[in-house]
Amino acid sequence: MSWLDIGDINDIPLRGARVIKTKVGCVALFRTAPDEVFATSDRCPHKGGPLNHGIVHGQSVTCPLHNWVFDLNTGQAQGADEGRIATYPVRVEDGRILIDTTKLAHRSAA
Amino acid sequence: MQKLVVIGAGMASGRVLEHLFEQAPDAYEVTLFNAEARGNYNRIMLSPVLSGEKSYAEIVTHDDDWYNGNKVTCRFGESVVGIDRARKVVIGENGEVAYDKLLIGTGSAPFIIPVPGKDLPGVISYRDLDDTNAMIEASSKGGSAVVIGGGLLGLEAAAGLAQRGMDVTVLHLMGHLMERQLDEAAGYLLRKDLEGRGITVKTQASTKAILGEDKAEAVLLDSGETLPADLVVMAVGIRPETRLANDAGLTVGRGIEVSAQMQTSDPDVYAVGECVEFDGQLFGLVAPLYDQAKVVAAALLGEDGAFVPKELSTKLKVTGCDLFSAGDFAEGEGREDIVFRDPARGVYKRLVIEDNRLIGAVMYGDTADGNWFFGLIKDGTDIEEMRDTLIFGPSYQGGAAADPLSAVAALPLDAEICGCNGICKGTIVSAIEGGATDLGAIKATTKASASCGTCTGLVEQVLQVTLGDDFQMPASQAICGCTDLSHEDVRRLIKSQELKSQAAVWQELGWSTPNGCHVCRPAVNYYLLADWPLEYQDDPQSRFINERKHANIQKDGTFSVVPRMFGGMTTPDELRAIADAADKYKVPTVHVTGGQRIDLLGVKGEDLPAIWADLNAAGMVSGHAYAKGLRTVKTCVGKDHCRFGTQDSTGLGIQLEKKLWGSWTPHKVKLAVSGCPRNCAEATCKDIGVVCVDSGYQIGVAGAAGMDVKETERLAEARTEQEAIDLATAFMQLYRENAKYLDRPYKWVAKVGLDWVKERVVDDLEERAALIARFELSQTIYRKDPWAEEAESKSEQYQPLADLTLEAAE
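What counts and what doesn't
Residues numbered from 1 in each chain as written. Chains lettered and ligands numbered in written order. Predicted model: local features only at pLDDT ≥ 70, side-chain atom pairs only at ≥ 80, totals over all residues. Heavy atoms only, no water. Helix = DSSP H or I, 4+ residues; strand = E, 2+ residues; numbered from the N terminus. Rg over C-alpha atoms; globule rule 2.2 N^0.38 Å. Buried < 20%, exposed > 50% of the residue type's maximum accessible area, 1.4 Å probe, protein only. Contact = heavy atoms within 4.5 Å. Areas by Shrake-Rupley, 256 points an atom, 1.4 Å probe, with all protein chains shown as cover. Lys, Arg positive; Asp, Glu negative; His and termini not counted. Charge placed at Lys NZ, Arg CZ, Asp CG, Glu CD. UniProt positions renumbered as here; feature names shortened; annotations may be inferred. Core = buried A, V, L, I, M, F, W, Y, C linked by side-chain atoms within 4.5 Å. pLDDT = per-residue confidence, 0-100. Phe/Tyr/Trp six-rings, centres within 6.5 Å; stacked < 30°, edge-to-face > 60°. Lys NZ or Arg CZ within 6 Å of the ring centre and 35° of its normal. Axes fitted to C-alpha atoms, helices over the stretch in contact; angles between N-to-C directions. Parallel < 35°, antiparallel > 145°, perpendicular 65-115°, else oblique. Nonpolar A, V, L, I, M, F, W, Y, C, P; charged D, E, K, R; others polar. Pairing = 2+ DSSP bridges.

## Looking at the overall build of chain A
Item 1. Broken down by element type, chain A carries 0 helices and 10 strands.
Item 2. For chain A, the sequential pattern of α-helices and β-strands runs β-β-β-β-β-β-β-β-β-β.
Item 3. A globule of 110 residues ought to have a C-alpha radius of gyration of about 13 Å, and chain A, at 13 Å, matches this closely.
Item 4. Relative to its 110 residues, chain A shows a buried fraction of 58%.
Item 5. For chain A, the share of sequence-separated contacts (at least 6 apart) that also reach a separation of at least 24 residues comes to 41%.
Item 6. When the accessible area of chain A is evaluated, it comes to approximately 4,400 Å², of which 46% is carbon and sulfur surface.
Item 7. The averaged location of the 12 negative side-chain charges in chain A is 8 Å from the averaged location of its 12 positive side-chain charges.

## Quick notes on the UniProt feature "domain: Rieske" (unreviewed entry) in chain A
Item 1. Within this structure's numbering, the places UniProt gives as "domain: Rieske" (unreviewed entry) are residues 3-99 of chain A.
Item 2. Note that residues 3-99 of chain A is 0% helix and 45% strand, and that its end C-alpha atoms are spaced 5 Å apart.

## Section: the nonpolar core
Residue and element names in this part refer to chain B.
Item 1. Within the largest apolar cluster, 92 residues are counted, with the highest numbers of intra-cluster contacts made by Leu161, Leu190, Trp511 and Ile611.
Item 2. The greatest single-element share of this core, amounting to 8 residues, is contributed by helix α16 (residues 520-531).
Item 3. With sequence-adjacent residues up to four places away left out, Leu161 is seen in contact with Leu50, Met135, Ser139, Ala145, Val147, Met166, Val168, Leu231 and Val233.
Item 4. Listed in part, the 46 residues of the second largest apolar core include Leu4, Ala12, Val276 and Val295.

## Some remarks on the confidence of the model for chain A
Item 1. Averaged over all residues, the pLDDT of chain A equals 90, while 95% of them reach at least 70.
Item 2. When the elements of chain A are averaged for pLDDT, strand β1 (residues 3-8) of chain A gives the smallest value, 92, and strand β4 (residues 37-41) of chain A the largest, 96.

## Remarks on the UniProt feature "domain: FAD/NAD(P)-binding" (unreviewed entry) in chain B
Item 1. Taken from the UniProt record, the annotation "domain: FAD/NAD(P)-binding" (unreviewed entry) applies to residues 3-276 of chain B.
Item 2. What you have in residues 3-276 of chain B is 24% helix and 29% strand, and the ends, taken at the C-alpha atoms, are 22 Å apart.

## Observations concerning the packing of aromatic side chains
Residue and element names in this part refer to chain B.
Item 1. Overall, the coordinates contain 17 aromatic pairs over all chains when judged by the stated rule.
Item 2. For the ring pair Trp612 and Tyr798, a centre distance of 5.5 Å and an interplane angle of 85° mean the geometry is edge-to-face. In this pair, Trp612 sits in helix α19 (residues 608-617) while Tyr798 sits in the loop between α25 (786-793) and β40 (802-803), placing the two residues 186 residues apart along the sequence.
Item 3. Chaining the aromatic ring pairs together yields one cluster made of Phe21, Trp66, Tyr67 and Phe76.
Item 4. Seen from the ring of Tyr290, Arg15 lies directly overhead, with NZ or CZ sitting 3.6 Å from the centre.
Item 5. Just above the ring of Trp532 sits the side chain of Lys500; from NZ or CZ to the centre is 4.4 Å.

## Describing the packing of helix α23 (residues 754-763) of chain B against helix α24 (residues 765-782) of chain B
All names here are of chain B.
Item 1. Running from N to C, α23 and α24 point in directions that differ by 85°, and their axes come no closer than 6 Å. Taken together, the axes of α23 and α24 are roughly perpendicular relative to one another. Contacts from Arg760, Val761, Val762 and Asp763 in α23 reach Leu765, Glu767, Arg768 and Leu771 in α24.
Item 2. A breakdown of the residues in the contact of α23 with α24 according to their chemical character gives 4 nonpolar, no polar and 4 charged.

## Examining the sheet that holds strand β35 (residues 688-693) of chain B
Residue and element names in this part refer to chain B.
Item 1. Sheet architecture is open: 5 strands sit in the order β33-β34-β35-β36-β39, paired in mixed fashion. The outermost strands of the open sheet, each flanked by one partner alone, are β33 (630-635) and β39 (713-718). The sheet shows a mean angle of 15° between the axes of neighbouring strands, taken without regard to direction.
Item 2. Note that strand β34 (residues 669-674) and β35 share 4 bridges and pair parallel.

Structure, rendered in C-alpha cells:
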C-alpha cells in the first residue's frame with residue numbers, strides 16, 4: 001500500500017463527488033452524508049457516463065446518463081442492471097483524503 | 001516516603017489520589033499543582049451551574065478538609081512552568097518541587113478558531129468554573145449570545161444561557177448538530193427541540209470574524225450575515241494540553257503517549273485523563289478516565305494493572321433532550337439499518353446490524369432501551385432470532401415469531417391510531433364493522449388519517465387485520481421505494497406540517513432510507529425550495545447534474561452552454577462574444593435551438609467556469625437551458641416590423657422573460673408571444689402562450705409539443721401588457737406550488753382542471769395578487785445568474801481534485 005494525500009475532505013461537497021485523473025483513467029471520489037469517502041472508476045460500464053456527476057444517496061451513486069445505480073462498497077450495479085465498476089482503497093485521516101496509489105499507477109492494474 | 005507530584009487537579013488525577021490514599025495512605029507525600037485557583041470539582045456538572053440548577057459548592061469533589069486530611073500540599077492558582085527530568089524536579093511559578101514519581105493530568109485546552117477578533121473581551125471558551133462564572137455574569141445583563149460549535153459543550157452552553165434569558169444563536173460548521181454522536185435524523189430532532197426553546201440554530205455556518213471595538217459586538221459569517229453578540233462562546237472542540245510534556249521531551253503524538261500502565265516515555269512520569277493518547281486513541285468521557293485512574297494508582301503502588309479501552313455508549317442529556325448513541329453507526333459494507341420513527345412523539349431509533357450482530361445504535365426521544373441495546377453490542381449477541389422485533393426493545397422479545405401485522409392486531413381497542421383527531425382503534429374497528437371498508441370510507445366516517453395523514457399506513461393495517469382477505473391494500477403510487485407516500489401527499493404534508501428541511505421530511509414522513517435516492521431527493525428538494533423559499537436552502541447535491549453544473553450533460557460527458565437572449569433578441573456584440581467563446585474553448589458544434597437561442601455543444605466540464613465568465617463579461621447570463629425552470633420566451637418581431645403585427649410581441653416577451661427567469665418549477669416551462677393570430681412564434685403549443693390581437697392579449701396555457709402534442713387552452717384575455725404579465729406570473733406560481741415534480745403544466749392542468757386554475761388565477765383578484773407576491777418573494781432568492789456565482793466562488797469544484805498522471809510511477 002502506498003497512501004497519497006490528495007486533499008481535504010471538505011474539497012468534496014457533502015453527498016457529492018470530485019474526480020481525480022490517474023494513469024488508469026478518471027477516478028471518482030464520493031463523500032456520503034456521514035462523511036465516508038469512496039473511490040471508484042468514474043466510468044459507467046453502460047454508456048460511459050461520468051459517475052462523479054451522479055446523485056449520491058446512502059452508499060450508492062446514480063449515473064447521470066441513464067440512472068444506473070452502483071453500490072460504492074462493491075462497485076456492483078444494483079437492481080436489474082448488470083455490471084461493475086472498479087473500486088479503489090481510500091481512507092480519511094484527520095480530515096485528509098488518502099488514496100492507495102498502487103492500483104492507480106499502471107494501466108494494466110485496472 | 002516517596003514524593004509524588006501531580007500537575008493538574010482534574011477529575012482523572014483526583015480519582016488517582018482517591019485510590020492511592022484508600023489503598024496506601026502513607027506511600028506518598030503528594031504535592032498538587034493546579035493553575036485554577038481551586039481544587040478538584042465535577043466538571044460534568046458545570047452545565048447545571050450555568051443554568052442555575054446547582055451552585056459551585058455542590059459540585060466540589062475534594063474540599064480543603066479532604067486535602068488537609070490526606071496531607072496534600074496544594075499549590076492552587078500556580079502554573080507549572082517546566083519539568084526538569086534530569087534533576088527530577090517540577091518548576092512552579094513560586095519555586096521547584098522534587099519528585100520521585102510525577103503524574104501529568106493537564107487535561108485539555110479549548111480549541112480557539114483563528115479568526116480576527118478572537119481575543120476581544122466577551123469572547124470566552126467553556127472549560128472551567130471561571131468560564132462558567134463569566135457567562136453567568138454576562139447573561140445577567142441580558143442581550144444576545146452567539147455560541148460557536150454545536151457539539152455537546154456548545155449546546156449545554158446555549159441551553160444554559162437561554163435559560164438565563166439571553167437571546168442565543170448556535171453556529172455549527174457541519175450539516176447537523178453533534179455529528180460525531182448523532183446521525184442526521186437524530187440531529188434534526190435535537191435541533192427542533194432546541195428551537196422550541198427559543199434557541200436559533202444555524203448549521204453549515206462558518207465564522208469569518210468577531211467584530212467589535214473594545215469588546216465583542218457581533219459575529220460575521222462567511223455568508224456575509226452579521227449576528228449581534230454581547231457574548232461569544234467558543235465551543236468548537238478541545239485538544240489535549242501537552243505543552244509541558246512536549247517541553248520536557250516526552251513522546252507526544254496528538255496527546256501524551258502512554259503505555260497500558262499509563263507510563264509515558266519516562267518510566268517515572270505517568271499521565272492520565274484527557275491529555276493522554278493510548279493506542280492512537282484520545283479520551284474525553286469520564287468512564288475511561290476513571291479506568292485509567294485505577295491503573296495509575298496500581299502502578300504507583302507497584303501493582304499490576306493494564307488499561308483496556310472499552311466500547312462506549314453516550315447517554316446525553318442536553319437539558320431535557322433525551323439522546324443515546326453507542327457503538328459504530330456509520331453506514332458500511334455489509335451493514336444494515338433498522339429504523340423506527342414515531343413523528344408524533346419525536347422519537348427516532350436506528351440500529352446498525354452486521355453479521356447478525358448489533359454494532360451500533362442511535363436513539364432520540366425515547367432512550368429507555370439504550371442499555372439493553374448497549375449490552376447486545378458489547379456482548380456481540382446473535383440477534384438473528386429476534387431481528388424482526390429487535391427495535392421494539394426487550395419487552396417484545398421471547399414471544400411467537402412476529403407477523404408484521406401482529407403488532408397492530410395486538411393493540412388494545414383504546415389505542416390511539418390517529419393523533420390529530422384522537423381516533424382510537426376501537427372507533428375504526430366499529431366503523432369497519434359498520435360498512436366502511438376502505439380508507440376513503442374510514443376517513444369520511446371517523447376522520448382518522450384525514451388530517452396530517454401520517455397514520456394512513458396504520459389505518460390500512462387496521463383494515464387489513466379486521467377484514468382479512470376481504471381488504472385489498474390500495475395500489476401504491478409511492479414516489480419511490482424510500483416511502484409509501486405519493487408526490488401529492490408529500491407536497492401537502494410539507495405545507496401542512498411546515499417541514500422546512502430534508503431531514504424534517506425524512507423524519508416526520510418516516511422515510512425508510514437515510515437520505516432518499518435519485519428519484520425522491522430532487523423532488524423533495526424542489527418542493528422545499530418552492531414552498532419555503534426563504535427558510536430552505538437549495539441543495540445542489542439533490543439536483544440532477546444539469547442543474548448542479550448549470551449546463552446540459554451530453555452523451556460523451558461534455559456539456560452544452562446556452563446564454564440567455566431575452567425574448568429571443570440579441571445584438572452583434574453578443575454574437576461576437578459567443579463566436580469568440582466558441583473559438584477560444586474549441587467548441588465543436590454551434591446550434592440554433594427551437595427556442596431561439598444559440599447552443600454551444602461539446603464544452604469540457606473544466607472549462608465551464610471560464611466560458612461563463614467570458615459570456616458574463618459580454619453582459620450575458622445563463623439561459624437555464626438545463627433547468628426545470630423557465631427556459632425561453634420565444635417571440636416574433638411584432639408590430640415594430642411586421643405588417644400584420646398587432647402588438648409589441650418582442651417587448652412583451654422580453655418583459656415576461658425578465659420577470660420569470662431564474663425561477664425553479666416542477667418541470668421545464670417554455671413560453672412564446674406571437675404578434676398576431678398567424679402565430680409565427682408557435683405560442684399555441686407552449687406551457688404558456690400569448691397571442692396578440694387588436695383588442696389585447698389571448699393567454700393560453702397547458703400546451704405541449706413534445707411526446708404529446710396539444711394545443712393550449714384559453715386561460716383569459718388581457719387588455720393590457722401588465723395584465724398579461726400578471727396572469728402568466730400567477731399561473732406560473734400556482735403551478736410551482738401545486739404540481740407534482742416532473743409534471744409539465746399540461747399534465748398538471750389535466751389533473752386539477754382548468755376551471756380550478758381559472759378560479760384562482762383569473763377570477764379571484766386577491767388570490768392572483770397573493771400568487772404574484774409569493775412568486776416575487778421567491779424570485780428575490782432565485783432570480784440571479786448561477787453562472788456568475790459559480791464562476792466566482794466555486795470554479796475549483798469543476799477541476800479534478802488531483803492529477804496523478806503527472807506523478808512518477810512507483
